[in-house]
Amino acid sequence: MGQGASSRKMAGETNRILVAGLYNSGKTTLMERLTGHSVAPRTGHPFEGAKYGNMMLTGWDLGGRDIMRPLYRYFFPMTDAIIYVMDSHERDQFHLDHAKMQLQRLVEEEELEGRPLLVLANKQDLSAAMTCLELRQHLDLGQVERERAVEILPLSLVTEQGLPEVVDWLERQQMQKEFQTRVVQPVQKAVPPSVSSACSRLLSTLKLAFRPVRKKLTMKS
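Treat the numbers as computed from the prediction; the structure is a model and nothing was measured.

A few points about the overall build of the chain
In step 1: Along the chain, the regular secondary structure elements total seven helices and six strands.
In step 2: Along the chain, helices and strands appear, N-terminal first, in the series β-α-β-β-α-β-α-β-α-α-β-α-α.
In step 3: Within the chain, the proportion of its 221 residues that are buried is 44%.
In step 4: Considering only residue pairs separated by 6 or more positions, the chain has 75% of its internal contacts joining residues 24 or more positions apart.

Encoded structure:
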């Protein structure tokens, strides 16, 4: 798709996206496709990728030494959304269980509470790759989406299948952050706490109401 996944520019506040997954799932390649720049991964450590528009992508190779985990929490408060990359060709049960455990540990972090999650079923170009529905069941995403917006998309970084949809998701996150910063936060500061709380509950209710529709649109077998 040329230098970077899209020529469209995203203006406004910097949006920080955590790109996580197990080793060899495709995190680095995804970041390089999106930004058009080389990324140097560091196994077991967070690593920065080049900016994409007004977004900063931070890669994280999960499954490293637990002694490093306290350091990761310095990155979490600045994170606006999460991309979790899965190797959909890897059907080994131990691998799937480990991927599920790492995802659960990630979404249970207090600093990442409520952050939108995009799961990418990478390596769809391989004939034995699992479908999004299979991965959804293995990762128990029904449980995860009770507390956050969750989408799952098929992806092939070889054929670039699904990459435009990833770009669309990123742009939606950017728009939501700008809306939050420019509209919601000023209103919350200007109105009494009771009214602000009622508005927040209304927004949460609307998100839950539209979640089944969003699930049907993003679920692909």
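Topic: the side chain of threonine 35
In step 1: Relative to the assigned elements, threonine 35 resides in helix 1 (residues 27-35).
In step 2: Within the local environment of threonine 35, its side chain forms a polar contact with the backbone oxygen of methionine 31, the two atoms lying 2.8 Å apart.
In step 3: A polar contact is formed between the side chain of threonine 35 and the backbone nitrogen of histidine 37, at a distance of 3.2 Å.

Looking at the pattern of salt bridges
In step 1: With the rule as written, the count across this model stands at five salt bridges.
In step 2: Between glutamate 160 and arginine 33 there is a salt bridge, with the nearest N and O atoms lying 4.0 Å from each other. Highlighted residues: glutamate 160 in the loop between strand 6 (150-154) and helix 6 (163-190) and arginine 33 in helix 1, separated in sequence by 127 residues.
In step 3: By relative accessible area, glutamate 160 is classed as partly exposed at 23%.

Description of helix 3 (residues 93-107)
In step 1: When the terminal C-alpha atoms of helix 3 are compared, their 21 Å separation across 15 residues agrees well with the 21 Å that a helix rising 1.5 Å per residue should span.
In step 2: The opening residue of helix 3, the one whose side-chain oxygen lies 3.1 Å from the backbone nitrogen of phenylalanine 94, is aspartate 92.

Details of the packing of aromatic side chains
How two aromatic rings sit relative to each other is set out by the distance from centre to centre and by the angle between their planes.
In step 1: Under the counting rule described, the total for this entry stands at one aromatic pair.
In step 2: Arranged with centres 5.5 Å apart and planes meeting at 50°, the rings of tryptophan 60 and phenylalanine 76 form a pair that is tilted. One end of the pair, tryptophan 60, is in strand 3 (residues 55-61); the other, phenylalanine 76, is in the loop between helix 2 (69-72) and strand 4 (81-87), and 16 residues separate them in sequence.
In step 3: Among the residues examined, tryptophan 60 registers a relative accessible area of 2% and is labelled buried.
In step 4: For phenylalanine 76, a relative accessible area of 2% puts it in the buried group.

Examining the pairing of strand 5 (residues 117-122)
Each regular strand carries side chains that alternate between the two faces of the sheet.
In step 1: Among the six residues of strand 5, six are classified as buried, and the element is accordingly described as predominantly covered.
In step 2: Side-chain alternation along strand 5 places Leu117, Val119 and Ala121 on one buried face and Leu118, Leu120 and Asn122 on a second face that is also buried.
In step 3: Inspection of the sheet shows strand 4 paired to strand 5 by six bridges, in the parallel sense. Directly across from methionine 86, in strand 5, lies its bridge partner alanine 121.
In step 4: Where strand 5 lies against strand 6, five bridges are found, and the strand directions are parallel. In the strand pairing of strand 6, leucine 120 is matched with leucine 153.

Considering the environment of glutamine 173
In step 1: Tracing the chain through its elements places glutamine 173 in helix 6.
In step 2: Taking C-alpha positions, glutamine 173 is 7.7 Å from asparagine 15, a pair spaced 158 residues apart along the chain.
In step 3: In contact with glutamine 173, not counting residues within four places along its chain, are Asn15, Met55, Ala81 and Pro116.

What about the packing of helix 3 against helix 4 (residues 132-139)?
In step 1: Orientation of helix 3 relative to helix 4, taken along the N-to-C sense of each, is 65°, at an axis distance of 9 Å. Comparing their axes, helix 4 and helix 3 come out roughly perpendicular. Across the interface between the two elements, Gln93, Leu96, Ala99, Lys100 and Leu103 from helix 3 touch Leu135, His138 and Leu139 from helix 4.
In step 2: When grouped by side-chain class, the residues that make up the contact of helix 3 with helix 4 number five nonpolar, two polar and one charged.

Cut-offs and rules
- Residues numbered from 1 in each chain as written.
- Predicted model: local features only at pLDDT ≥ 70, side-chain atom pairs only at ≥ 80, totals over all residues.
- Heavy atoms only, no water.
- Helix = DSSP H or I, 4+ residues; strand = E, 2+ residues; numbered from the N terminus.
- Buried < 20%, exposed > 50% of the residue type's maximum accessible area, 1.4 Å probe, protein only.
- Contact = heavy atoms within 4.5 Å.
- Polar contact = N/O pair within 3.5 Å; in protein donor to acceptor, adjacent residues only side chain to side chain.
- Salt bridge = Lys/Arg side-chain N within 4 Å of Asp/Glu carboxyl O.
- Expected span 1.5 Å × (residues − 1).
- Phe/Tyr/Trp six-rings, centres within 6.5 Å; stacked < 30°, edge-to-face > 60°.
- Pairing = 2+ DSSP bridges.
- Axes fitted to C-alpha atoms, helices over the stretch in contact; angles between N-to-C directions.
- Parallel < 35°, antiparallel > 145°, perpendicular 65-115°, else oblique.
- Nonpolar A, V, L, I, M, F, W, Y, C, P; charged D, E, K, R; others polar.

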